[in-house]
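# Chains, contacts and geometry: an overview
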Amino acid sequence: MRVEPLPADQWDEAVQRSLAEMLPEDRRNPRDAGNLLATLARHPELARAFLRFGGYLLTRSTLPPRLREQVILRVGHRRGCAYEWEHHVTLGKRVGLSDADIAAAQSGEAVDEFDRTLLRAVDELDEKSNLSDATWAALGERLDERQLMDLIFTIGGYTALAMALNTFGVEVERER
C-alpha cells in the first residue's frame, strides 16, 4: 500500500467537508467511509472535487444504472482493479445485472448486441482514446446525446479512478 487511509485522529473539519457530498455525517469516519474515501481524505481539496464528479457519474448521470455498471465493470476488469470490480459487482447486481452480464463484462462477449457494443466502447476508448464511427453510431441508436456524453465521462472517470486505486494500493475492505 503506497497511500494508506487517513488515521482517525487526523480526520479534521476539512476532511469532514470534503466527504460531505458523498457521505452522511454518521459515515464520515475511517471505518464507515471505506478504504477509498479514507485514502482520498488525505487530500481534502482533491477529494471534494473528485467526489463531486464521481457522485454525478454514480447517482445523477443520464445513463441507465444497468449500462453504467456494465461499463464500470469492464473498466475495472481491463484495468485489473480489484477494488472497483468488487464494489461494482455488488452495485451491478443491485441494478439488475445477472451473473452472465458480469461474466460478459470480463470477456467482452455479451449475448445482447447493444451490450457488446457498450463493452466494445470501453475497449476502444481504452485502446485509442476515441470511438470508431461505427461504435458511436450504434450507441446513438439507443442513447441520446447527453447519455453518450455521460457514457464517455463514466468510462474515463472510472479509468482514472482505477489508475489511482491501483497505484495507491487501496485494498478491498475485509468483512467487518
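For the chain, the name recorded in an unreviewed UniProt entry is Carboxymuconolactone decarboxylase, with Mycobacterium noviomagense as its organism.

### Looking at the packing of aromatic side chains
According to the stated counting rule, one finds 1 aromatic pair in the structure shown. Taking 6.3 Å as the distance between ring centres and 85° as the angle between the ring planes, the aromatic pair formed by phenylalanine 53 and phenylalanine 153 counts as edge-to-face. Here phenylalanine 153 lies in helix α9 (residues 145-168) and phenylalanine 53 lies in helix α3 (residues 44-60), a separation of 100 residues in the sequence. Arginine 142 extends its terminal NZ or CZ atom over the ring of phenylalanine 114, reaching a point 4.1 Å from the ring centre.

### Side note on helix α7 (residues 113-128)
Between its first and last C-alpha atoms α7 spans 22 Å; for 16 residues at 1.5 Å apiece the expected length is 22 Å, and the two agree. Looking only at α7, the buried set comprises Phe114, Asp115, Thr117, Leu118, Leu119, Ala121, Val122, Asp123, Glu124 and Leu125. On the buried face of α7, the contacting elements are α4 (65-78), α6 (99-107), α8 (133-140) and α9. Two to three positions downstream of the cap, the backbone nitrogen of phenylalanine 114 sits 3.0 Å from a side-chain oxygen, assigning the N-cap of α7 to aspartate 112. Residue serine 129 follows α7 closely and has a positive phi angle near 55°.

Cut-off values and rules
Residues numbered from 1 in each chain as written. Predicted model: local features only at pLDDT ≥ 70, side-chain atom pairs only at ≥ 80, totals over all residues. Heavy atoms only, no water. Phe/Tyr/Trp six-rings, centres within 6.5 Å; stacked < 30°, edge-to-face > 60°. Helix = DSSP H or I, 4+ residues; strand = E, 2+ residues; numbered from the N terminus. Lys NZ or Arg CZ within 6 Å of the ring centre and 35° of its normal. Expected span 1.5 Å × (residues − 1). Buried < 20%, exposed > 50% of the residue type's maximum accessible area, 1.4 Å probe, protein only. Contact = heavy atoms within 4.5 Å. Polar contact = N/O pair within 3.5 Å; in protein donor to acceptor, adjacent residues only side chain to side chain.

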